[in-house]
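One-letter residues, chain by chain:
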Amino acid sequence: MKMQKSEVRLMKGNEALAEAAIRAGLDAYFGYPITPQSEILEYFTEQIPKRHGVVLQAESEVASINMVYGAAGAGARVMTSSSSPGMSLMQEGISYIAAAELPCLLVNVVRGGPGLGTIQPSQGDYFQAVKGGGHGDYRLIVLAPSSVQEMCDFVFDAFKLAEKYRNPAMILTDGALGQMMEKVEFPEEGSLPHQVPDWATTGKKGRERNFITSLHMEPEKMEEINLHLQKKYKVIEENEVRFETFEIDDAEIVLVAFGLPARICQKAVELAREKGIKAGLVRPITLFPFPKKILSDLSKKIDHFLVIELNAGQMVEDVMLAANGKCPVHFKGRMGGMIIQPEEVLEEIEKIIQQPILQE
Amino acid sequence: MSQEILLEDMQCVYQKPATLTDDYMHYCPGCGHAVAHKILMEVVQEMGIQEDVIGVAPVGCSVFAYNYMNIDMQEAAHGRASAVATGIKRVLPEKYVFSYQGDGDLAAIGTAETIHTINRGENILMVFINNGIYGMTGGQMAPTSLFGQITSTSPYGRDVEHNGYPLKITELIAHLPGAFYVTRQAVHTPNTVRKFKKALRNAFEFQKLKKGTCFIEVVSNCPSGWKMTPKETLTYIEEKMLPEYPLGDLKVPAQNNI
Ligand SMILES: Cc1ncc(C[n+]2csc(CCOP(=O)(O)OP(=O)(O)O)c2C)c(N)n1
Ligand code: SF4
Ligand SMILES: [Mg+2]
């Protein structure tokens, strides 16, 4: 097996993510074609036979996610990817994986919905990714890249976090990031060692039997499991929050955006600053755990939040919870595969700051 | 007097295999699942593969199989046991992997996984317990329920015009080139138990060859769901189930293929 050296390449987001996964020591990938993420499956079916690991095109997303369950339970470093309708099909399996505490990587290259929707980019699956998606009280660790470089880097971060917390981690990205080409620097292969965990079902050699399950018939036991999960999510919230800020020190209006719109908003902040408007930006990188504290702190000293999303307003609810009434939270979104432009964001900023502030 | 003395005087001629745990099985008296579990684990013991076998339990009455089988196991979502088994076998190709599923699990909600697992020729064993009913959820109609069979969701009897035909999934999958060994067995008499055991042994031996999926249907019973005494179910199996689901091999590997 030839280990790949670190190198710089010009690549599509989807392919960069797949290449990163191979370099991160992926043992197995199971997936089903769906636009705009099929390049991931295609890249794996081309590369994995020449390098290392298992790749299998499953008969459906339902089968894929349950293959991921089996392989993760057997101790492998494993992933699947899909786009919105396929991700919806996987939700039961994801709930089982979260309940059984199996580490794995899920990638959702989001497209416009609801229904069959469109193959154009969207952020309409924020709720599904961040609030659970499937049945029961569980959380995914959710990372939102905003460049092709991060499509690569977050694969490593996601595997690390998933294995550290025995929890499924998701990369929530969109059709534009999946399809666009940028320069990307890959780390050397083999930098993320992986040991088969002692709880894995690898055959009961020299130990008691291992079993993977999410079934607990006694309510006391099931509550105990829930409390354990909630405690774990709390630890994740305390330790793994990631975000970026831009020009927030003297900001009076702060934009909040994740993924691709964060880049658009950075441009909008620059345009606003040229006009003398004190605008800034917070970009949540982890959507769960959500960067509540920075937003809560800011809410006490700024005049407005403006949340920009490619959906009808989903993350805005979390910003409102963080602001907790301390400052107004505005929202502007585009849907159905439409991408918001910096000028549109600027227009929205101007509209907001021209409004008279109501005095109580 | 004390039992100990009596035991000391006796010779042990039979005991449960060490591959079964000491947990009490939760199955209803007379249920075929219990016999199938025991025979399966006897074969694992006799072949000395306890440390190399990984089982997948379904959602159905046998959901707790992992409590009874003293081997590494995973509990799958309803219908997905063969996909889970695929995931395990693909990353641990040298281990023995089996799935254990009911008729609702394997032949209704999991039909796509069943067909595609076998069509890929996954090198696993699929054990299929056909009791013609949804035991776990309280006796609803299964895809394998017989013509006219009364269940809690076919209270006037299974009607072909309304509910279609009993699904002979075993006949269906036997046609797939990925199926290496397909057989229909039962566990309701000493003789059928012996044959089932032989089939299991064959299937595990075949798995080493990596030539495709082995599939064993077990025509079983469900005294609670059928609303019969265990003894009555034996007659029902003979008179009603076996004419619809005749026992025997549906596909055996050609001698030169072994
Ligand atoms: C997605 C989903 N749908 C429905 C159920 C409810 N359910 C549990 S077991 C079962 C049927 C079990 O019947 P079978 O597979 O024949 O097993 P048996 O109990 O007869 O052995 C159903 C419908 C479930 N657990 N999950
Ligand atoms: S309900 Fe039927 S299948 Fe389930 S344990 Fe009882 S007899 Fe067996
Ligand atoms: Mg059944």
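For the structure itself, look to the data block above.
Summary of the structure given here.

Rules behind the numbers
- Residues numbered from 1 in each chain as written.
- Chains lettered and ligands numbered in written order.
- Predicted model: local features only at pLDDT ≥ 70, side-chain atom pairs only at ≥ 80, totals over all residues.
- Heavy atoms only, no water.
- Helix = DSSP H or I, 4+ residues; strand = E, 2+ residues; numbered from the N terminus.
- Rg over C-alpha atoms; globule rule 2.2 N^0.38 Å.
- Buried < 20%, exposed > 50% of the residue type's maximum accessible area, 1.4 Å probe, protein only.
- Contact = heavy atoms within 4.5 Å.
- Areas by Shrake-Rupley, 256 points an atom, 1.4 Å probe, with all protein chains shown as cover.
- Lys, Arg positive; Asp, Glu negative; His and termini not counted.
- Charge placed at Lys NZ, Arg CZ, Asp CG, Glu CD.
- Near = heavy atom within 4 Å.
- Polar contact = N/O pair within 3.5 Å; in protein donor to acceptor, adjacent residues only side chain to side chain.
- Nonpolar A, V, L, I, M, F, W, Y, C, P; charged D, E, K, R; others polar.
- Donors = N, O, S within 2.8 Å, 3.2 Å for Na, K, Ca; no water.
- Phe/Tyr/Trp six-rings, centres within 6.5 Å; stacked < 30°, edge-to-face > 60°.
- Lys NZ or Arg CZ within 6 Å of the ring centre and 35° of its normal.
- Pairing = 2+ DSSP bridges.
- Axes fitted to C-alpha atoms, helices over the stretch in contact; angles between N-to-C directions.
- Parallel < 35°, antiparallel > 145°, perpendicular 65-115°, else oblique.
- Left-handed = near helix turned anticlockwise from the far one by under 90°.
- Buried area = accessible area lost by both parts, 1.4 Å probe.
- Salt bridge = Lys/Arg side-chain N within 4 Å of Asp/Glu carboxyl O.

### A word on the overall build of chain B
Turning to step 1, where the next piece is worked out: If you tally the helices and strands in chain B, you get 11 helices and 9 strands.
Turning to step 2, where the next piece is worked out: Against the compact-globule benchmark of 18 Å for 258 residues, chain B has a radius of gyration of 18 Å, which places it among compact chains.
Turning to step 3, where the next piece is worked out: With respect to the principal axes defined by its C-alpha atoms, chain B has extents near 65 × 45 × 35 Å.
Turning to step 4, where the next piece is worked out: Relative to its 258 residues, chain B shows a buried fraction of 57%.
Turning to step 5, where the next piece is worked out: Residue pairs in contact within chain B that sit at least 24 positions apart in sequence constitute 69% of those at least 6 positions apart.
Turning to step 6, where the next piece is worked out: When the accessible surface of chain B is split by element, carbon and sulfur atoms take 56% of a total near 11100 Å².
Turning to step 7, where the next piece is worked out: If you average the places of the 22 positive and of the 26 negative side-chain charges in chain B, the two averages end up 7 Å apart.

### Observations regarding the site of ligand 1
Residues and elements named next belong to chain B.
Turning to step 1, where the next piece is worked out: Not every one of the 17 residues close to ligand 1 is listed here, only the nearest: His33, Cys61, Gly104, Asp105 and Gly135.
Turning to step 2, where the next piece is worked out: Between ligand 1 and Asn131, the relevant distance is 3.1 Å, taken from an oxygen atom to a side-chain nitrogen or oxygen of the residue.
Turning to step 3, where the next piece is worked out: Gly135 is positioned with one of its backbone polar atoms (N or O) 2.9 Å from an oxygen atom of ligand 1.
Turning to step 4, where the next piece is worked out: Considering ligand 1 on its own, with 590 Å² of exposed area, one finds that the protein chains cover 78% of that surface.
Turning to step 5, where the next piece is worked out: Its residues assigned to classes, the shell around ligand 1 comprises 6 nonpolar, 8 polar and 3 charged.

### Some details on the coordination of the magnesium ion (ligand 3)
All names here are of chain B.
Turning to step 1, where the next piece is worked out: For the magnesium ion (ligand 3), every protein donor is listed as Asp103 (OD), Asn131 (OD1) and Ile133 (O), and the spread of their distances is 2.1 to 2.6 Å.
Turning to step 2, where the next piece is worked out: Counting residues between consecutive donors of the magnesium ion (ligand 3) along the chain gives the motif D-x27-N-x1-I. Note that Asp103 is positioned in helix α5 (residues 103–109) and Ile133 in strand β5 (residues 133–134), a separation of 30 residues in sequence. Across the pair, Ile133 and Asp103 agree in class, each one buried.

### Focus: the environment of B:Gly48
Residues and elements named next belong to chain B.
Turning to step 1, where the next piece is worked out: With respect to the element layout, Gly48 can be found in the loop between α2 (32–47) and β1 (53–57).
Turning to step 2, where the next piece is worked out: By relative accessible area, which is 57% here, Gly48 ends up exposed.
Turning to step 3, where the next piece is worked out: Distance in space between the C-alpha atoms of Gly48 and Thr19 is 9.8 Å, their sequence separation being 29 residues.

### Considering the site of ligand 2
Turning to step 1, where the next piece is worked out: Neighbouring ligand 2 are the residues B:Tyr27, B:Cys28, B:Cys31, B:His33, B:Cys61, B:Asn131, B:Gly135, B:Cys222, B:Pro223 and B:Ser224.
Turning to step 2, where the next piece is worked out: Considered class by class, the residues forming the shell around ligand 2 number 6 nonpolar, 4 polar and no charged.

### Considerations on the packing of aromatic side chains
Turning to step 1, where the next piece is worked out: Across all of its chains, the model carries 15 aromatic pairs over all chains by this definition.
Turning to step 2, where the next piece is worked out: Ring centres of B:Phe180 and B:Phe206 lie 5.4 Å apart, and the angle between their planes is 90 degrees; this geometry places the pair in the edge-to-face category. Highlighted residues: B:Phe180 in strand β7 (residues 179–186) and B:Phe206 in helix α9 (residues 190–207), separated in sequence by 26 residues.
Turning to step 3, where the next piece is worked out: Taken together, A:Tyr126, A:Phe127 and A:Phe258 form an aromatic cluster joined through their ring pairs.
Turning to step 4, where the next piece is worked out: Taking NZ or CZ as reference, A:Arg77 lies 5.6 Å from the ring centre of A:Phe159, over its face.
Turning to step 5, where the next piece is worked out: Above the ring of A:Trp199, the side-chain terminus of A:Arg166 is found at 4.0 Å from the ring centroid.

### Remarks on the environment of B:Asp23
Residues and elements named next belong to chain B.
Turning to step 1, where the next piece is worked out: Among the secondary structure elements, Asp23 is positioned in the loop between α1 (3–9) and α2.
Turning to step 2, where the next piece is worked out: Separated by 234 residues in sequence, Asp23 and Asn257 have C-alpha atoms that sit 41 Å apart.
Turning to step 3, where the next piece is worked out: The contact partners of Asp23, leaving out residues within four places of it in the chain, are Asn67 and Tyr68.

### Focus: helix α4 (residues 81–91) of chain B
Turning to step 1, where the next piece is worked out: A large share of α4(B) lies buried, amounting to 10 of its 11 residues.
Turning to step 2, where the next piece is worked out: Along α4(B), the residues classified as buried are B:Ala81, B:Ser82, B:Ala83, B:Val84, B:Ala85, B:Thr86, B:Gly87, B:Ile88, B:Lys89 and B:Val91.

### Structural notes on the sheet that holds strand β5 (residues 104–110) of chain A
Residues and elements named next belong to chain A.
Turning to step 1, where the next piece is worked out: Across the sheet, 7 strands lie side by side as β3-β2-β4-β5-β7-β6-β13; this open sheet has mixed pairing. Of all the strands in the sheet, just β3 (54–57) and β13 (286–288) have a single pairing partner and so form its edges. On average, adjacent strands in this sheet sit at an angle of 20 degrees to one another, irrespective of strand direction.
Turning to step 2, where the next piece is worked out: Here strand β2 (residues 28–31) pairs with strand β4 (residues 78–82) via 2 bridges, running parallel.

### A closer look at the packing of helix α10 (residues 260–274) of chain A against helix α13 (residues 342–354) of chain A
The description of two packed helices rests on the angle between their axes and on the distance between the axes.
All names here are of chain A.
Turning to step 1, where the next piece is worked out: Running from N to C, α10 and α13 cross one another at 55 degrees; their axes reach a closest spacing of 8 Å. Considering their axes alone, α10 and α13 lie oblique with respect to each other. Of the two possible hands of crossing, α10 and α13 adopt the one that is right-handed. Contacts between α10 and α13 involve Ile264, Cys265, Lys267, Ala268, Leu271 and Ala272 on the former and, on the latter, Pro342, Glu343, Val345, Leu346 and Ile349.
Turning to step 2, where the next piece is worked out: Taken together, the residues of the contact of α10 with α13 break down into 9 nonpolar, no polar and 2 charged.

### As for the environment of A:Lys234
Turning to step 1, where the next piece is worked out: Positionally, A:Lys234 belongs in helix α9 (residues 219–239).
Turning to step 2, where the next piece is worked out: Judged by relative accessible area, which is 48%, A:Lys234 ranks as partly exposed.

### Some details on the packing of helix α1 (residues 13–23) of chain A against helix α7 (residues 148–165) of chain A
Residue and element names in this part refer to chain A.
Turning to step 1, where the next piece is worked out: Where α1 meets α7, the axes come as close as 8 Å, and the angle between the chain directions of the two elements is 30 degrees. When the axes of α1 and α7 are compared, the pair comes out roughly parallel. Crossing geometry of α1 relative to α7 is assigned as right-handed. On α7, the residues touching Gly13, Asn14, Ala16, Leu17, Ala20, Ala21 and Arg23 of α1 are Val148, Met151, Cys152, Val155 and Phe156.
Turning to step 2, where the next piece is worked out: Looking at the contact of α1 with α7 residue by residue, the class counts come to 9 nonpolar, 2 polar and 1 charged.

### Side note on the side chain of A:Glu19
Residues and elements named next belong to chain A.
Turning to step 1, where the next piece is worked out: Counting through the fold element by element, Glu19 comes out in helix α1.
Turning to step 2, where the next piece is worked out: For Glu19, the side chain forms a polar contact with the side chain of Tyr43, separated by 2.6 Å.
Turning to step 3, where the next piece is worked out: Excluding residues within four positions of it along the chain, Glu19 makes contact with Gln4, Arg9, Met11, Tyr43, Arg51 and Phe186.

### What to know about the interface of chain B and chain A
Turning to step 1, where the next piece is worked out: At the junction of the two partners, chain B supplies 36 residues and chain A supplies 33 residues.
Turning to step 2, where the next piece is worked out: Here chain B packs against chain A, burying approximately 2700 Å² in sum over the two surfaces, 58% of which is carbon and sulfur.
Turning to step 3, where the next piece is worked out: Between A:Arg207 and B:Asp72 there is a salt bridge, with the nearest N and O atoms lying 2.6 Å from each other.
Turning to step 4, where the next piece is worked out: The interface formed by chain B and chain A contains 16 residue pairs in polar contact (both at pLDDT 80 or more).
Turning to step 5, where the next piece is worked out: Within the residue set of the side of chain B that touches chain A, elements represented by two or more residues are β1, α3 (65–68), β2 (72–75), α4 and α6 (111–119) of chain B.
Turning to step 6, where the next piece is worked out: Both strand β9 (residues 211–212) of chain A and β2(B) contribute to a ladder of 2 bridges, which runs parallel. In the sheet register, A:Phe211 faces β2(B), and the bridge partner there is B:Met73.

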